[in-house]
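Topology and contacts: notes
Here is how the chains run, residue by residue.
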Amino acid sequence: MSVSVLTTGGTIASLPSPHGDVRVAVPGPDLAVTAPAARVREVMLAHSFNLTMADVLTLARRVLEELEDPGVDGVVVTHGTDTMEETAYLLDLVLPADRTVVLTGAQRHADAPDADGPRNIADALRIAAAPQARGMGALITMAGRIHAARYATKVHTLAPEAFASPGHGPVGLVRHDHVDIRPAPARPDGFRLAELGGLEARVDIVPVHLDADGVQIAACRAAGARGLVLQALGTGNPTPGVFREIAACLDAGIAVLVTSRCAEGPATPVYGAGGGADLAKAGAVFAGSLSAPKARLLLMAALAAETRTEKALDRLLPHLLLGPSTSAPAPPCRWR
């Protein structure tokens, strides 16, 4: 099977600089010397914390172009770990049902004596070429673990096993030359890349903390946000100040998705007295186990694909009602 490698930079392509820090420096062909049979193309050379939405959309177009080649069975993308989970999830939303792309990176730079990049690239190539991985959408592999894009989250700043899937676990493992993959997680119909344009709709993430007064939410509304993702407390609860501002957003026609700041468990409307159940009654939609950064991307995609907010909600729901984290059915929504 034929696999293409697209490189974008990140720690895996970084070296120590004369300034005492670490910077991207290794071009794609040099990075993938351990993959002589693969077709290697450099898309960009950047740290992932510097990427823009335009950069990620450029990468998505390149991935889809590679997959249009009948001689290519899978694609590997090397990427910085800071925003890898967001890039992976956006790719998962636009990939055809029968395709696979595997993202990988490194926690140690390319000149480190114990660099983890070469092993991760070799694992990613094995996964992308494995028949049992076909149709799994976007995956992330690091340190021999394979994670579905929907669930993968960076959980450690420095350890080689940088990613986990809280509440779900990995979908597979790479042991030496053997790829062991569980049945593919559910992937509802996504989006055509062409209908997303430049993902221009402004969607902001607002964290909730003890005694939060909602001033960030008011600022987002003033800045022209079309959607908000609330990273709420517990099962999806706001503070009184946050509740007041979210209600004002919903009255103004701004779409609101509710996630939890907890690492595991779904956001689901349970509590009254100003809690998540009252947010749901006001018209907010609960995002289940989807993390706040991914909920933002999903809402941006839905708002780009549909001119009417209620239609955007219809596109959202299949992605929010998946697996063991499924929450209660969405309440009647005031977007309509």
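Residues numbered from 1 in each chain as written. Predicted model: local features only at pLDDT ≥ 70, side-chain atom pairs only at ≥ 80, totals over all residues. Heavy atoms only, no water.

Looking now at helix α8 (residues 292-305). Taking 1.5 Å of rise per residue, the 14 residues of α8 would be expected to cover 20 Å, and the 20 Å separating its terminal C-alpha atoms lies within 8% of that figure. Among the 14 residues that make up α8, 11 are buried, leaving the element largely enclosed by the rest of the structure. Buried residues of α8: Ala292, Lys294, Ala295, Leu297, Leu298, Leu299, Met300, Ala301, Ala302, Leu303 and Ala305, and no others. (Helix = DSSP H or I, 4+ residues; strand = E, 2+ residues; numbered from the N terminus. Expected span 1.5 Å × (residues − 1). Buried < 20%, exposed > 50% of the residue type's maximum accessible area, 1.4 Å probe, protein only.)

Our focus in this paragraph is helix α6 (residues 240-251). With 12 residues, α6 should cover 16 Å at 1.5 Å per step; its first-to-last C-alpha distance of 17 Å lies within 8% of that length. The set of residues buried in α6 consists of Gly241, Val242, Glu245, Ile246, Ala247, Cys249 and Leu250. Elements in contact with the buried residues of α6: α5 (215-222), β14 (227-232), β15 (255-260) and α7 (276-282). Immediately beyond the C-terminal end of α6, within one or two residues, lies Gly253, with a positive phi of roughly 85°. (Contact = heavy atoms within 4.5 Å.)

Locating Gly28 in the fold gives a position in helix α1 (residues 28-31). Measuring from C-alpha to C-alpha, the distance between Gly28 and Gly117 comes to 13 Å, with 89 residues separating the pair along the chain. Once residues within four sequence positions are removed from consideration, Gly28 is found in contact with Thr7, Val40 and Glu42.

A few words on the packing of α5 against α6. Remark: α5 packs on α6, axes separated minimally by 8 Å, with the N-to-C direction vectors making an angle of 20°. Between α5 and α6, the angle is such that the two are roughly parallel. Our pair here, α5 against α6, has a crossing hand that is left-handed. Residue-level inspection shows Ile217, Ala218 and Arg221 of α5 in contact with α6, the latter providing Val242, Glu245, Ile246, Ala248 and Cys249. Of the residues that constitute the contact of α5 with α6, the class distribution is 6 nonpolar, no polar and 2 charged. (Axes fitted to C-alpha atoms, helices over the stretch in contact; angles between N-to-C directions. Parallel < 35°, antiparallel > 145°, perpendicular 65-115°, else oblique. Left-handed = near helix turned anticlockwise from the far one by under 90°. Nonpolar A, V, L, I, M, F, W, Y, C, P; charged D, E, K, R; others polar.)

Counting 58 residues, the largest nonpolar core has Val63 and Val101 as the members making the most contacts within it. When residues in this core are grouped by element, the largest group, 10 residues, is from α8. Among the nonpolar cores identified, the runner-up in size contains 26 residues, and Val5, Ala13, Ile146 and Ala148 belong to it. (Core = buried A, V, L, I, M, F, W, Y, C linked by side-chain atoms within 4.5 Å.)

Attention shifts here to the packing of helix α2 (residues 53-68) against helix α3 (residues 84-94). The geometry of α2 relative to α3 is characterised by a closest axis approach of 10 Å and an angle of 45° between their N-to-C directions. Taken together, the axes of α2 and α3 are oblique relative to one another. Every pair of crossing elements has a handedness; the one defined by α2 and α3 is right-handed. Residues Met53, Val56, Leu57, Leu59, Ala60, Val63 and Leu64 of α2 form the contact with α3, whose own contacting residues are Thr87, Leu90, Leu91 and Val94. Counted by class, the contact of α2 with α3 contains 10 nonpolar, 1 polar and no charged residues.

Two pairing modes exist for strands in a sheet, parallel and antiparallel, and in both the strands are linked by backbone hydrogen bonds. Strand order in the open sheet formed by 8 strands is β4-β1-β5-β6-β7-β8-β11-β12, with mixed pairing between adjacent strands. Since the sheet does not close on itself, it has two edges, and those belong to β4 (39-46) and β12 (178-181), each with one partner. Adjacent strand axes in the sheet meet at a mean angle of 20°, parallel and antiparallel pairs treated alike. Where α3 meets the sheet, it contacts β6 (100-104) and β7 (137-142), and its direction lies at approximately 155° from that of β7. (Pairing = 2+ DSSP bridges.)

Right, let's talk about the sheet that holds strand β16 (residues 285-286) for a bit. Taken in spatial order, the 4 strands of this open sheet run β13-β14-β15-β16, and their pairing is parallel. Taken across any chain shown, the strands that pair with only one partner, and hence form the sheet edges, are β13 (203-207) and β16. Taken together, the 2 bridges between β15 and β16 define a ladder with parallel strand orientation. If you follow Val258 over to β16, its bridge partner there is Phe286.

Right, let's get into the side chain of Thr259. Along the chain, Thr259 falls in strand β15. When sequence neighbours within four positions are dropped, the list of residues in contact with Thr259 reads Val229, Leu230, Gln231, Ala232, Gly236, Ala267, Ala287, Leu290, Ser291, Ala292 and Ala295.

So, about the environment of Glu161. Of note, Glu161 is situated in the loop between β9 (153-154) and β10 (163-164). By relative accessible area, Glu161 is classed as partly exposed at 39%. Note: C-alpha distance between Glu161 and Ala312 (151 residues apart in sequence) is 36 Å. Ignoring sequence-local partners within four residues, the contact set of Glu161 consists of Ala143, Arg145 and Val155.

So, on to the confidence of the model for the chain. When the pLDDT values of the chain are averaged, the result is 93; 94% of them are 70 or greater. Counting contacts from residues 323-336, a segment whose pLDDT is below 50, to residues more than four positions away or on other chains yields 35 contacts. (pLDDT = per-residue confidence, 0-100.)

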